[in-house]
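Residue-level structure breakdown
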Amino acid sequence: ATAEVVFVCLRGAAKSVTCTGPSGATIRCRYSSATFNMPASFGQVWDWNIETGAIAFTDQIDEMLGLPRGGFPRGIEGWLERIHRDDHDTTMEALSRAILDGEPFSCEYRLRHGDGSWVVVSDQGVLLTNRSGRATNMIGAMRDVTRERAAQAVRREADELRRVLFGLPSPAMQVDEGGAYLDAD
């Protein structure tokens, strides 16, 4: 689902985040004097308070992971617990680079779905700092790319099969009426 995300920033105002229901998301962040609109094709957006560890997610995170509303932990520890163990180090390295070097956070990793399966997500965020330059928050957006990655894997396998079959010096193949390969030399 595509959500229109609006960040409203007012210099000197207290920090706050507002998340609306599953039909769309609006986040209001008060960090700087800039105001901008960002249309995003992300399933959900988030705001991580680095000092407290609290993460404000839109309700789409629960839907994406097959959880009841509010079922996804709203803290850094809960998020880390749901990351696939094989993706944990890479994700933490990307997060560390973002915080220590000020780079944008960009990572693809798997999160555990409520049914025990894994959802591949593309996650991006930017670091926000206070006036003294200390990182206070990171805001970002994530989307489910599971189907895209599965389709890419099928295309790679088909391309490899085609390369092998048609790379033979004198390919002889039997194909049924539906176009499926029955036998190949």
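To be clear, the structure that these remarks concern was listed above.
My aim in this report is to walk through the structure given alongside it, one point at a time. (Residues numbered from 1 in each chain as written. Predicted model: local features only at pLDDT ≥ 70, side-chain atom pairs only at ≥ 80, totals over all residues. Heavy atoms only, no water.)

Some details on the pattern of salt bridges
The tally for this structure, following the rule as stated, stands at ten salt bridges. Note that R163 is salt-bridged to E160, the shortest N-O span being 2.5 Å. You can see R163 and its partner E160 sitting in helix α4 (residues 146–166), three residues apart, about one turn around the helix. Overall, the relative accessible area of 37% leaves E160 in the partly exposed class. The network of salt bridges with common partners includes D59, D62, R69 and R74. (Salt bridge = Lys/Arg side-chain N within 4 Å of Asp/Glu carboxyl O. Helix = DSSP H or I, 4+ residues; strand = E, 2+ residues; numbered from the N terminus. Buried < 20%, exposed > 50% of the residue type's maximum accessible area, 1.4 Å probe, protein only.)

Looking at the pairing of strand β7 (residues 135–144)
Within β7, eight of the ten residues are buried, which leaves the element mostly enclosed by the surrounding structure. Note that strand β3 (residues 44–49) and β7 share six bridges and pair antiparallel. Directly across from N49, in β7, lies its bridge partner N137. Inspection of the sheet shows strand β6 (residues 118–129) paired to β7 by nine bridges, in the antiparallel sense. Within the sheet, the bridge partner assigned to V121 lies in β7 and is D144. Where β6 folds back onto β7 in an antiparallel hairpin, the turn is made up of five residues, including G133, whose phi is positive at roughly 90°. (Pairing = 2+ DSSP bridges.)

Side note on the nonpolar core
For soluble globular proteins, nonpolar side chains are generally found buried alongside one another. Membership of the largest hydrophobic core comes to 25 residues, with the highest contact counts inside it found for W79 and M142. With four residues, the single largest contributor to this core is strand β5 (residues 105–112). (Core = buried A, V, L, I, M, F, W, Y, C linked by side-chain atoms within 4.5 Å.)

Digging into the environment of Q60
Tracing the chain through its elements places Q60 in helix α1 (residues 60–64). In this structure Q60 comes out as buried when scored by relative accessible area, which is 9%. When the C-alpha atoms of Q60 and V45 are compared, they prove to be 8.3 Å apart, with 15 residues separating the residues in sequence.

Examining the pairing of β5
The two faces of β5 differ: F105, C107, Y109 and L111 on one face are buried, but S106, E108, R110 and R112 on the other face are not. Pairing of β5 with β6 involves eight bridges; the strand directions are antiparallel. Of the residues in β6, the one forming a bridge with C107 is D123. Counted along the chain from β5 to the antiparallel partner β6, the turn is five residues long, and its residue G116 has a positive phi close to 95°.

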